Amino acid sequence: MKKIAVFASGAGSNLKALVDSQKRGDLHVEFVIVVGNNSGAGAFKIAQSNKIETLHISPSHFENIDDYTKTVIAALETRGIELIVLAGYMKMIPLDFIEYYENRIINIHPALLPAFGGQGMYGMNIHRAVIGAGVKIAGVTVHFVNGEYDKGAIIYQEAIAVFDEDTPETLSNRILELEHNTFWRAVKGIVDGTFTLKNGKVFGKISSL
Ligand code: GRF
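Residues numbered from 1 in each chain as written. Predicted model: local features only at pLDDT ≥ 70, side-chain atom pairs only at ≥ 80, totals over all residues. Heavy atoms only, no water.

**Q** I'd love a proper account of helix α5 (residues 124-133), names of residues and values included.
**A** Taken together, the buried positions of α5 are occupied by Ile126, His127 and Val130. Angular distribution of buried residues about the axis of α5 spans 95°; they occupy a single face of the element. Tucked inside the fold, the buried residues of α5 contact β5 (105-109), β6 (137-144) and α6 (168-192). With its phi angle positive at about 70°, glycine 134 sits one or two positions after the end of α5. (Buried < 20%, exposed > 50% of the residue type's maximum accessible area, 1.4 Å probe, protein only. Helix = DSSP H or I, 4+ residues; strand = E, 2+ residues; numbered from the N terminus. Arc of directions from axis to C-beta. Contact = heavy atoms within 4.5 Å.)

Structure follows, in structure tokens:
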């Protein structure tokens, strides 16, 4: 079974949805460790209640970014981690780390990339921008992580309608629900090898659909 590390800083609802999909038997992976910079994060509580090891580590614990990167890589290597899943991880990922785990880090973004991505596009900023732009379709993107914010190859997307009466809050709630239903499918596609990455693009589709 593929050994997975989940990086999370926040409430951890995506982590919970992933773990639930594994418990249901939809996703055959091992969630080995949850890594986060915020010891009070809901994600840590979810990890603990599911008996998943947690690692509280932040660049601010180190004198320089190289020491931080080496420590995180060592922790993941010791545990045989094969795939890193960013589920609401709010800290920058060092470039050396991204290079080390090239094509083995994925992220979920609550918008249809390449629109509404990039620096500053996180949390409610995204949903405010979507409503502000008056677009009629919003959604979720799961993508590989490369050195540029939200620019890695797109693995999987799902869309929903934006309603006239939507506020950033109502849209954000529906998108989060969609994320919970989407993320594990993308992880499954990667684990099952139904996706291939060629010339910076992902081909293939999700086996369970
Ligand atoms: C999600 O909207 C995710 O797309 C974004 O951060 C949020 C995390 O929510 N990257 P949660 O911590 O999984 O509940």
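**Q** How would you explain the pattern of salt bridges if you had to name every residue and give the values?
**A** All chains considered together, the criterion is met by seven salt bridges. A salt bridge links aspartate 20 to lysine 16, with the nearest nitrogen and oxygen atoms 2.8 Å apart. Taken together, the residues span about one helical turn, with aspartate 20 and lysine 16 both in helix α1 (residues 13-24) at a distance of four residues. The exposure class of aspartate 20 is partly exposed, given its relative accessible area of 24%. Residue class for lysine 16 comes out partly exposed when judged on its relative accessible area of 42%. The partner of arginine 79 in a salt bridge is glutamate 53, with the nearest N and O atoms 2.7 Å apart. (Salt bridge = Lys/Arg side-chain N within 4 Å of Asp/Glu carboxyl O.)

**Q** Lay out the packing of α5 against α6 in plain terms, naming residues and giving numbers.
**A** α6 packs onto α5 with a crossing angle of 115° between their chain directions and a minimal axis gap of 9 Å. Both α5 and α6 take part in a crossing whose hand is right-handed. Contact residues: α5 offers Met124, His127, Arg128, Val130 and Ile131, while α6 offers Pro168, Glu169, Leu171, Ser172 and Ile175. Considering only residue class, the contact of α5 with α6 consists of six nonpolar, two polar and two charged. (Axes fitted to C-alpha atoms, helices over the stretch in contact; angles between N-to-C directions. Left-handed = near helix turned anticlockwise from the far one by under 90°. Nonpolar A, V, L, I, M, F, W, Y, C, P; charged D, E, K, R; others polar.)

**Q** Could you give me a rundown of the pairing of β5, with the residues and numbers involved?
**A** Counted residue by residue, β5 has five buried out of five residues, so it is predominantly covered. The alternating pattern of β5 places Ile105, Asn107 and His109 on one face and Ile106 and Ile108 on the opposite face, and all of these are buried. Strand direction decides the pairing type here: strand β4 (residues 83-86) and β5, joined by three bridges, are parallel. Bridge pairing in β5 places isoleucine 84 opposite isoleucine 105. Taking the sense of rotation as the criterion, the β-α-β connection linking β4, helix α4 (residues 95-100) and β5 turns out right-handed. Bridge count between β5 and β6: four bridges; the pairing is antiparallel. Residue isoleucine 108 lies in a different strand from β6, and its bridge partner there is valine 142. (Pairing = 2+ DSSP bridges. Right-handed = clockwise from strand over helix to strand, strands pointing away.)

**Q** Please give an account of the nonpolar core that cites residues and values.
**A** Core analysis: the biggest nonpolar cluster contains 44 residues, and Phe31, Val85, Ile106, Ile155, Phe183 and Val187 have the highest contact counts within it. For this core, the leading source of residues is α6, giving eight residues. (Core = buried A, V, L, I, M, F, W, Y, C linked by side-chain atoms within 4.5 Å.)

**Q** Can you tell me about the sheet that holds β5, naming the residues and giving the values?
**A** Taken in spatial order, the seven strands line up as β3-β2-β1-β4-β5-β6-β7 in an open sheet, and their pairing is mixed. Strands at the two margins of the open sheet, each flanked by one partner only, are β3 (53-56) and β7 (154-161). If you compare each strand with its neighbour and ignore which way they point, the axes differ by 20° on average. As paired strands, strand β1 (residues 2-7) and β4 are joined by four bridges and run parallel to one another. Among the inter-strand pairings, alanine 5 is bridged to a residue of β4, identified as isoleucine 84. Each of β1, β2 (29-36), β4, β5, β6 and β7 is contacted by α6, which is oriented at about 150° to β7, the strand it contacts most.

**Q** Outline the side chain of asparagine 14, listing residues and values.
**A** In this fold, asparagine 14 is placed in helix α1. What makes asparagine 14 buried here is its relative accessible area of 8%. Excluding its chain neighbours within four sequence positions, the residues that come into contact with asparagine 14 are Ala87, Ile108, Leu176, Glu179, His180 and Phe183.

**Q** Mind laying out the environment of tyrosine 68, listing which residues take part and the relevant values?
**A** Within the secondary structure layout, tyrosine 68 lies in helix α3 (residues 65-78). Given the relative accessible area of 3%, tyrosine 68 is considered buried. Distance in space between the C-alpha atoms of tyrosine 68 and phenylalanine 97 is 9.7 Å, their sequence separation being 29 residues. Not counting residues within four places of it along the chain, the set of residues in contact with tyrosine 68 comprises Ile57, Ser58, Pro59, Phe62, Tyr89 and Pro94.

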